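Tertiary structure, described
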Amino acid sequence: MYEVMCCDFRFAIAKVLILPKAKKLLCLNFTNAAKGFFNRKFTLFTLSLFTLLLLKALFTFLLFYSFTFLLLFVPLLKNQTNSMNVKLRGTLCGVGAAVFYGTNPLGAMNLYQDGISANSTLFYRFGLAIVMLGVMMLVQRKKFGVTRSELMLLAMLGVFMGSSSSSLFISFNYMDVGIASTLLFVYPVMVAVIMALLFKEKVTPTTAVSIMLAFGGIALLNQSSDGSSLSTLGVLLVMASSLTYAVYIVVVNKSKLRMSSVKLTFYVLIFGLMTILGYTFAMGETVQLLTTPHQWLYAAQLALMPTVLSLVLMAIAVKDIGSTPTAILGALEPITAVAIGCFCF
């Protein structure tokens, strides 16, 4: 009853403070797009400009709705173990985590087109996500304290997450985002192998068939969209990303961390950010500054959707249904990424 009342209260806050602002921004951007369209002669350029401004308006609205989802429904999903079947909740969270994680190319590729490097993109992705999670913890009045043993484990998880993200984002420079995201899906196989060998987890026939079908599909990807062979370096980077992500999922499942998924993700991203900064300086690079509003918009999208929402929901799913089923649900990640690659790039 208490959790339901809190959810109703958060919904009231969102309805009063967040959604009206989102609608106002949507109307403002749509009005600007319409004015730009009708004040000029009808040409292909003005039509394209109108479409871009309209997409910007809808994208801004989507960000506000996603943040509202984060404030309202993630706490509700976490607390409602009595009213919702745990397996169902874990499955829904796994699906949501996969779809949100598949939106990585949407912000990353647009920032790449503006000349922002992979490590700088990840710096803003993790940095903004840390701020979002910190605000969320303050609003929910959660404690930030952790023990020394928890801190060591969180640091290890942060290194895995930072390494996985950095490898994947750098691979986007060597192959199509859709192919890279599809190759990344080898991580469920890695998760199943790790769980079977190290923790003697029984692999069910359904799981085995699912993994074989997924692996068979990945094996067919031996060429890029233009018919050329895939970059060896790009494939190695994606495999490194898959392995570190698989280890991250297994450790989250088997660790004795007793904290909320939001708190866990908050500290993982802090150490992940430190890892990315280490890679950046080791490569002789510096963090590039974002100079335009649309660059900050794409950075906010990266922080919210494939980072905050995806990792928080993934942590809940791993605890509810286990590592291997959560990893298999990740099949929705490449589907989302391929769709974004086809329609946006």
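The structure displayed is predicted, hence computed values, not measured ones.

**Looking at the environment of proline 105**
In this fold, proline 105 is placed in helix H4 (residues 104-113). Linking proline 105 and valine 177, residues 72 residues apart in sequence, is a C-alpha distance of 6.4 Å.

**Things to note about the packing of aromatic side chains**
In this structure the tally under the stated criterion is 8 aromatic pairs. A ring pair is formed by phenylalanine 123 and tyrosine 124, whose centres lie 5.3 Å apart and whose planes are at 80°; its orientation type is edge-to-face. With a relative accessible area of 8%, tyrosine 124 lands in the buried category. Centre to centre, the rings of phenylalanine 144 and phenylalanine 266 are 5.5 Å apart; their planes meet at 70°, and the pair counts as edge-to-face. In this pair, phenylalanine 144 sits in the loop between helix H5 (118-139) and helix H6 (148-171) while phenylalanine 266 sits in helix H11 (residues 261-282), placing the two residues 122 residues apart along the sequence.

**Regarding the nonpolar core**
Formed by 77 residues in total, the largest nonpolar core has its most connected members in Leu154, Phe169, Phe172, Tyr187, Tyr248 and Met314. Examining the composition of this core, we find that 15 residues originate from one element, helix H12 (residues 293-321), more than from any other. Residues within four places of phenylalanine 169 in sequence aside, it is in contact with Asn104, Ala108, Tyr112, Ala118, Thr121, Leu122, Arg125 and Leu302.

**A word on the confidence of the model for the protein chain**
Here the protein chain averages 76 in pLDDT, and 69% of its residues register 70 or above. Here helix H1 (residues 2-38) is the element of the protein chain with the lowest mean pLDDT, 46, and H11 is the one with the highest, 93. Between residues 1-19, whose pLDDT stays under 50, and residues either more than four places distant or in other chains, the model counts 22 contacts. Ignoring residues within four places in sequence, the model shows residues 68-73, a span with pLDDT below 50, making 19 contacts including any to other chains.

About the criteria used
- Residues numbered from 1 in each chain as written.
- Predicted model: local features only at pLDDT ≥ 70, side-chain atom pairs only at ≥ 80, totals over all residues.
- Heavy atoms only, no water.
- Helix = DSSP H or I, 4+ residues; strand = E, 2+ residues; numbered from the N terminus.
- Phe/Tyr/Trp six-rings, centres within 6.5 Å; stacked < 30°, edge-to-face > 60°.
- Buried < 20%, exposed > 50% of the residue type's maximum accessible area, 1.4 Å probe, protein only.
- Core = buried A, V, L, I, M, F, W, Y, C linked by side-chain atoms within 4.5 Å.
- Contact = heavy atoms within 4.5 Å.
- pLDDT = per-residue confidence, 0-100.

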